Amino acid sequence: MIAAKSSFLKKAFDKDRVGYLFILPSCLIILVFSILPLLASFIIGLTDLDIFLATPNFVGLSNFQRSFADARVWNAFANTFSYVLLTVPIQLIIALVLAYWLYRPTWFNKMCRSVFYAPVLCSFTAIGIMFNLLLNSTVGYIPYVISLFTGRVDALLSDVRYAMPIIVFISIWKSFGKTMIILVAGISDIPATLYEASAIDGANRTRQFFHITLPNLLPTINFTLLTSLIGAFQVFDVVYVTTGGGPLNSTETMVQYIYYRGFSMPYELGYASSMAVELFFVIAVLVLAFKCILERKIKNIY
Amino acid sequence: MKKVFAIILTLAIMTTVFASCAVAEEKVTLTFWNGFTSTDGDVLKEIVQRYNETNDKGVTIEMDVMPWDTFNEKLPAAIAANQAPDFVLCSTGYYPSYVKAGSFQDTSDYYERPTVNKDDFDANVVEGLRYDDLIVGIPMQLVSHYLFWDKDLFAAAGLDPEQPPTSFDEIKEFAAKLTNPSQNQYGWLIPVDSNVVAQYTMFAFGGNYTDETGTVSMLNSPENVAAFEWMYDVYANMKASPTDSDDNTYISGQLGMFINGPWIINGLRDNEINFGVTSVPAQPGQEKQATIIPVGFSIPKTTSPEHKELVYDFVEYWNSAEICTEWTQRCGTPAYLKSAQENFKDDPITLALSEPLSYGTVALKKTGVSPVARESLYPALEEVFAGADIQTTLDKYNEVAQGVLDSLLK
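All values reported here derive from a predicted model rather than from experimental measurement. (Residues numbered from 1 in each chain as written. Chains lettered and ligands numbered in written order. Predicted model: local features only at pLDDT ≥ 70, side-chain atom pairs only at ≥ 80, totals over all residues. Heavy atoms only, no water.)

Novice: Before we move on, could you go through the overall build of chain A and cite the residues and values that matter?
Specialist: Helix and strand counts for chain A stand at 13 helices and zero strands. When the helices and strands of chain A are listed from N to C terminus, the series reads α-α-α-α-α-α-α-α-α-α-α-α-α. In summary, chain A has a C-alpha radius of gyration of 24 Å against a globular reference of 19 Å for 302 residues, an excess of more than 25%. Across the 302 residues of chain A, 42% fall into the buried class. Taking the contacts inside chain A whose residues are at least 6 apart along the sequence as the reference set, 67% of them involve residues at least 24 apart. Only carbon and sulfur atoms are counted for the fraction: they give 71% of the accessible area of chain A, which is about 17,100 Å². In chain A, 21 side chains carry a positive charge and 15 a negative one; their mean positions are 10 Å apart. (Helix = DSSP H or I, 4+ residues; strand = E, 2+ residues; numbered from the N terminus. Rg over C-alpha atoms; globule rule 2.2 N^0.38 Å. Buried < 20%, exposed > 50% of the residue type's maximum accessible area, 1.4 Å probe, protein only. Contact = heavy atoms within 4.5 Å. Areas by Shrake-Rupley, 256 points an atom, 1.4 Å probe, with all protein chains shown as cover. Lys, Arg positive; Asp, Glu negative; His and termini not counted. Charge placed at Lys NZ, Arg CZ, Asp CG, Glu CD.)

Novice: Give me the lowdown on the interface of chain B and chain A, citing residues and values where you can.
Specialist: Contact with chain B, which involves 33 residues of that partner, is made by 25 residues of chain A. Taken together, the two surfaces of chain B and chain A that pack against each other cover about 2,300 Å², and 54% of this comes from carbon and sulfur. The salt bridge involving E375 of chain B is made with R261 of chain A; its shortest N-O contact spans 3.2 Å. Where chain B meets chain A, there are six residue pairs in polar contact (both at pLDDT 80 or more). Looking at the side of chain B that touches chain A, the element that brings in the most residues is helix α16 (residues 369–385) of chain B, giving seven residues. Counted by class, the side of chain B that touches chain A contains eleven nonpolar, 14 polar and eight charged residues. (Buried area = accessible area lost by both parts, 1.4 Å probe. Salt bridge = Lys/Arg side-chain N within 4 Å of Asp/Glu carboxyl O. Polar contact = N/O pair within 3.5 Å; in protein donor to acceptor, adjacent residues only side chain to side chain. Nonpolar A, V, L, I, M, F, W, Y, C, P; charged D, E, K, R; others polar.)

Novice: Lay out unusual backbone geometry with the relevant residues and their values.
Specialist: With a phi close to 50°, L248 of chain A is a non-glycine residue in the positive phi region. Residue placement: L248 of chain A occurs in the loop between α11 (237–242) and α12 (254–263). Even without being a glycine, K239 of chain B presents a positive backbone phi close to 50°. On the secondary structure map, K239 of chain B appears in the loop between α9 (222–237) and α10 (247–250).

Novice: Requested: an account of the domain arrangement of chain B, with residues and values cited.
Specialist: All names here are of chain B. According to the domain assignment, chain B consists of domain 1 (2–136 + 293–358) and domain 2 (146–292 + 364–408). Computed from C-alpha atoms alone, the centre-to-centre distance between domain 1 and domain 2 is 33 Å. The interface of domain 1 with domain 2 comprises 22 residues on the first partner and 19 residues on the second. Linking domain 1 with domain 2 are one salt bridge. (Domains from an automatic or database assignment.)

Novice: Before we move on, can you summarise the side chain of S228 of chain A with the specific residues and values?
Specialist: Residues and elements named next belong to chain A. Relative to the helices and strands, S228 resides in helix α10 (residues 205–233). Taking the relative accessible area as the measure of exposure, S228 reaches 17% and is therefore buried. Among the polar contacts listed, one links the side chain of S228 to the backbone oxygen of L225, at a separation of 3.2 Å. Setting aside its immediate chain neighbours within four residues, S228 contacts V88 and Q91.

Novice: Would you mind going over the confidence of the model for chain B in detail, with residue names and values included?
Specialist: Residues and elements named next belong to chain B. Per-residue pLDDT for chain B has a mean of 89; in total, 94% of the residues score no lower than 70. Within the model, pLDDT remains below 50 along residues 17–25, and this stretch shows zero contacts once partners closer than five positions in the same chain are excluded. Reported confidence for the predicted complex is 0.74 by ipTM and 0.80 by pTM. (pLDDT = per-residue confidence, 0-100.)

Novice: Lay out the packing of aromatic side chains in plain terms, naming residues and giving numbers.
Specialist: Per the stated rule, a full pass over the model turns up 52 aromatic pairs over all chains. Taking the centre distance of 4.9 Å and the plane angle of 50° together, the rings of Y51 of chain B and Y317 of chain B count as tilted. You can see Y51 of chain B sitting in helix α2 (residues 39–54) and its partner Y317 of chain B sitting in helix α12 (residues 305–318), a full 266 residues away along the chain. Using a relative accessible area of 6% as the deciding quantity, one classes Y51 of chain B as buried. Classification of Y317 of chain B as partly exposed rests on a relative accessible area of 23%. Between F148 of chain B and F275 of chain B, the ring centres sit 6.1 Å apart and the planes meet at 45°, which makes this aromatic pair tilted. Of this pair, F148 of chain B sits in strand β7 (residues 146–150) while F275 of chain B sits in strand β9 (residues 275–278), and the two are 127 residues apart along the sequence. Judged by relative accessible area, which is 0%, F148 of chain B ranks as buried. What links up through ring pairs into an aromatic cluster is the set F32, F36, Y51, W68, F71, F87, Y94, F297, F314, Y317, W318 and W327 of chain B. The lysine or arginine in question, K174 of chain A, covers the ring of F124 of chain A, its NZ or CZ lying 5.3 Å from the ring centre. (Phe/Tyr/Trp six-rings, centres within 6.5 Å; stacked < 30°, edge-to-face > 60°. Lys NZ or Arg CZ within 6 Å of the ring centre and 35° of its normal.)

Novice: Summarise the sheet that holds β7 of chain B; cite the residues concerned and give the values.
Specialist: Residue and element names in this part refer to chain B. Sheet architecture is open: three strands sit in the order β8-β7-β9, paired in antiparallel fashion. Here the strands that pair on one side only, and so sit at the sheet edges, are β8 (257–260) and β9. Between one strand and the next, the sheet's axes are offset by a mean angle of 25°, whatever the strand orientation. Taken together, the four bridges between β7 and β8 define a ladder with antiparallel strand orientation. Residue F148 lies in a different strand from β8, and its bridge partner there is F258. (Pairing = 2+ DSSP bridges. Axes fitted to C-alpha atoms, helices over the stretch in contact; angles between N-to-C directions.)

Novice: Describe α2 of chain B, and please don't skip the residues or the numbers.
Specialist: All names here are of chain B. Its 16 residues place the ends of α2 23 Å apart at the C-alpha level, agreeing with the 22 Å of an ideal helix rising 1.5 Å per residue. Taken as a whole, α2 has its buried residues at D40, G41, V43, L44, I47, V48, Y51 and N52. Looking at the buried residues of α2, the elements they touch are β1 (28–34), β2 (59–65), β3 (87–91), β6 (138–143), α12 and α13 (321–331). (Expected span 1.5 Å × (residues − 1).)

Novice: Residue-level account of the environment of I182 of chain A, with values.
Specialist: All names here are of chain A. Mapped onto the elements of the fold, I182 is located in helix α8 (residues 160–188). Overall, the relative accessible area of 25% leaves I182 in the partly exposed class. In sequence terms I182 and F223 are 41 residues apart; their C-alpha atoms lie 9.4 Å from each other. In this structure, I182 is in contact with T220, F223 and T224, ignoring residues within four places of it in sequence.

Novice: Can you lay out the packing of α9 of chain B against helix α17 (residues 390–409) of chain B for me, pointing to particular residues and giving the numbers?
Specialist: All names here are of chain B. One can describe the packing of α9 onto α17 by two numbers: an axis separation of 10 Å at closest approach and a directional angle of 125°. Between α9 and α17, the angle is such that the two are oblique. For α9 against α17, the interelement crossing comes out right-handed. Contacts between α9 and α17 involve N224, V225, F228, E229 and Y232 on the former and, on the latter, I390, Q391 and L394. The residue makeup of the contact of α9 with α17, split by class, is five nonpolar, two polar and one charged. (Parallel < 35°, antiparallel > 145°, perpendicular 65-115°, else oblique. Left-handed = near helix turned anticlockwise from the far one by under 90°.)

Novice: With reference to specific residues and values, describe the side chain of E375 of chain B.
Specialist: Secondary-structure assignment places E375 of chain B in helix α16. Residue classification places E375 of chain B among the buried positions, given a relative accessible area of 14%. When sequence neighbours within four positions are dropped, the list of residues in contact with E375 of chain B reads R72, Y260 and R261 of chain A together with Y397, V400 and V404 of chain B.

Novice: An account of the pattern of salt bridges is needed here, citing residue identities and associated values.
Specialist: Residue and element names in this part refer to chain B. Within the structure shown, the criterion is met by 20 salt bridges over all chains. Among the salt bridges present, the one from K308 reaches D109, with a minimum N-O distance of 3.4 Å. Of this pair, K308 sits in helix α12 while D109 is found in the loop between α4 (95–101) and α5 (123–128), placing the two residues 199 residues apart along the sequence. Judged by its relative accessible area of 27%, D109 falls in the partly exposed class.

Listed below in structure tokens is the structure:
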């Protein structure tokens, strides 16, 4: 008995296997909070479950059929795509330029990096409320300043033309700092000898950026691009706090609409889950495609 | 030796734990959820605290206050999982889905208690909490909506500060005088993400969301078209309403008149706005209408009969003339107990607040206003204000509203 036990322990703590023990807690967390809910939403999407959780009926694929005919789903997907297409590249370019500019650890650069990183640490809800007040046409400061030039007070967040661009701006302002810090770390990892050698050959900073920094940074860019892409598809809090999807659903993103269907009367969790599943597949396909393209590119370089 | 010490220590700890459990059992804790997150929540907390200290049954009420949205997300799941609180506060607009799901117990036996006088309650309020045979809650508060006006802005615009408008024609006339875009000052406010003002405008012209049964959408009726024409005129032609608004807009001192609930009064007072309040008028020839929103004490089906009785004790404490008077004084909501109304005979503001109680009704009682308003009224307002044809837009959203009603009544 004791021998068997000790051999089991020995096996468990074997050098080759002990690693699994270390990742066990994370695996459990991912299983309980990611994989099981994911499977559950697949199943709930096939039912007419509501928030009272009472006797759901199996309704087959009718939730999916309904979503294809729902104009607000298409509108929400279109809004989400335009949000992703605007925020992800702009945020990356700003972060890249600033990272290249500020990567040397001088006192001034460090201060700038901290300032740009500060919004990342703030809660999106607090930022949303702050912008709501700043942009409000009756009490806000920004419309007041604009009115000094134009002579009239514009409602910014409740105007179909400006609402989405403003939300994109808030998101970029909030999150480019995070991308920048990761890119700074990536740039610092590039061997200084490459820059020295290129300087001897007469390359200026712009040239160095395009021929040394950028290619060497591709794996890091790959990572930040994918994570910000996934995050952007799931955008919710900023929309929820600032416009709630309005005006005229012009800022209603997919997650906002899913939340609206699931958590307001009549609480159609089944329908909401079916749309969540659709969003999952859209993100999965796009991210996998993106990953393949980027990784092939990286392979070609190295 | 070490082992013995460890065992003794463990036993000692366990004894203490069990002993403290035994002591705790003599006291009863009632859990209580609600969405009173504003300043009125502080008053509620104080009154609950006072009850905890003074009641002779050893009852401690543990109150959990959360925003109503959170409340409505948590409570159904808690009831399904048998983890629900002993009692809750629920507002009229939220009741229909709980009633449909059978989440709350019948509370008609409350009025059979020997110490309860049913006649002291405003009958309209008790009726507001009845769904067919089910008395779903016992009154805790009642609110309606009112017309507020800023007396200083009235005087500055050459209007009589003591004469509020008596019809929607007059509201339009006054709003034109009170609006001054260069000062960012407006005469009236029509929010596109709230049902209240649009609803009262429809009422004023003799319209409503539905027919009397509450099942057939009437959004495109001629009365409602007239109401939308009025709103378009004020909003788009006269530009007498700010295009976006939040709670601060009402208390910014830049609004000549507006419709809102009594909860805005404390904010107006804090900002030293010299305001008047009256019931919302109708157009000439139309009867005044109003919605009333009773908030009720409700008991989830998971609560035991013993705890239900203890909850009733607290509800009785709440529905005494003393507490009802205090709540009215401190929170500005009208008193619904006749014994408490006696105390406000010389208080013009509270009298004005009580006026709609006699003729007000619960809007869309069977389905709740918010799902219908969000799917049809808000987009209709936004599209009409953006210049869409009123009749076509209302025809379109009448169909949408009917679909929502049908799915909710299914």
